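Residues per chain are reported as follows:
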Amino acid sequence: MPRGRYSHFDPHDHTFLGEEHFQCAVGPSGWRYHSRLTGPDGAPTGSVDLTLDHLGRPLRLELHAGDWQVRGAALNGVTWVRSDPAGLHARENTAPAQAFTGASPAFLIATARMLRPAAGAPATRVRLVALTPPVLAARTLDQSWALLDTEAHATDNGRLVVEKYQVNDLETGDQQLVHLAGDVVLAAPGIELEDLETPPSTFP
């Protein structure tokens, strides 16, 4: 069960935005990720709780950020409810998308797991609903994912397989490189892995 800490930065000017303390686990029916987020001053700013099925689809998503929360799942595309913490101003929405995305590294792992592109294959297009702090307002976007390379590295804990993805935003043309090892993000724009107590898990 990997657990550790990511730092979040503004990808443009590298301003420190806070930290994400996480733990995750691969099980026979899917994958579970939970994290708590803190701001630059160390104060709590939210949390992420994401459960995937064995195909990488979101079975359950719960996000908290500031004065907002979102609960969602794969249903009629994806369905989510955004509300204040007391649930007094809840609004349900549905979009013809395949999954969710957002600021957390969990969503990079989830999308890669769902698409599972083969190395050297043409890029795979995916429609996602982005939910980003601080207000968790939803935005539908289209991305393409391509697996550029896979490398195996010898470590003290055995063989570590690192996958290098190119992720394109099909609306803006923005390109990102994402490096994953199992269910841990090693590097991505605006994300740095600062601490990892146990090795990444391997998906079956």
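See above for the structure.
Cut-offs and rules
- Residues numbered from 1 in each chain as written.
- Predicted model: local features only at pLDDT ≥ 70, side-chain atom pairs only at ≥ 80, totals over all residues.
- Heavy atoms only, no water.
- Helix = DSSP H or I, 4+ residues; strand = E, 2+ residues; numbered from the N terminus.
- Buried < 20%, exposed > 50% of the residue type's maximum accessible area, 1.4 Å probe, protein only.
- Pairing = 2+ DSSP bridges.
- 1 Å grid on protein atoms, 1.4 Å probe; cavity = no way out; pocket = protein on both sides within 12 Å on 5 of 7 lines; lining within 4 Å.
- Points joined across faces, edges and corners; volume = space filled by probe spheres on them.
- Nonpolar A, V, L, I, M, F, W, Y, C, P; charged D, E, K, R; others polar.

Undergrad: Explanation requested: unusual backbone geometry in the structure shown.
TA: The bulk of non-glycine residues show a negative phi, and the bulk of peptide bonds are trans. The amide bond that connects Pro133 to the next residue, Pro134, takes the cis arrangement and shows omega of 10°. Note on placement: Pro134 falls in the loop between strand E10 (124-132) and strand E11 (137-155). Here the phi dihedral of Leu136 falls at roughly 60°; this positive angle occurs in a residue that is not glycine. Looking at where Leu136 falls in the secondary structure, it is placed in the loop between E10 and E11. Assessed through its relative accessible area of 3%, Leu136 is described here as buried.

Undergrad: Honestly, the pairing of E11 in this entry has me stumped. Any pointers?
TA: On any regular strand, side chains alternate: one points to one face of the sheet, the next to the other face. In terms of strand pairing, E10 meets E11 through nine bridges, oriented antiparallel. Bridging across to E11, Arg125 finds its partner in Ser144. Turn length for the E10-E11 hairpin, with the two strands adjacent in sequence and antiparallel, is four residues, and the turn residue Leu136 shows positive phi of about 60°. The sheet contact formed by E11 and strand E12 (residues 158-169) spans 12 bridges and is antiparallel. Residue Thr155 lies in a different strand from E12, and its bridge partner there is Gly158.

Undergrad: Sorry, what's going on with the pairing of strand E2 (residues 16-27) here?
TA: Relative to E2, strand E1 (residues 3-9) is paired through seven bridges, and the arrangement is antiparallel. Residue His8 lies in a different strand from E2, and its bridge partner there is Gly18. From the end of E1 to the start of E2, which pair antiparallel, there are six residues, and His14 there has a positive phi angle of about 65°. Relative to strand E3 (residues 30-38), E2 runs antiparallel, the two sharing nine bridges. Bridging from a neighbouring strand, Phe22 pairs with Ser35 of E3. Taking the residues that link successive antiparallel strands as the turn, the E2-E3 hairpin has two residues.

Undergrad: Help me out: how do you make sense of empty space enclosed by the protein in this one?
TA: Think of a ball as big as a water molecule: rolled over the atoms, this probe shows where empty space is left. Per the counting criterion, the structure on display carries one cavity of 30 Å³ or more. As a volume, the largest cavity reaches approximately 50 Å³. Together, Leu50, Leu52, Gly56, Pro58, Ala99, Phe100, Phe107, Ala110 and Thr111 line the largest cavity. Within the residue set of the lining of the largest cavity, elements represented by two or more residues are strand E4 (44-53), strand E9 (99-102) and helix H1 (105-115). Broken down by element, the lining of the largest cavity gets its largest block of residues, three residues, from H1. Per-class residue counts for the lining of the largest cavity are seven nonpolar, two polar and no charged.

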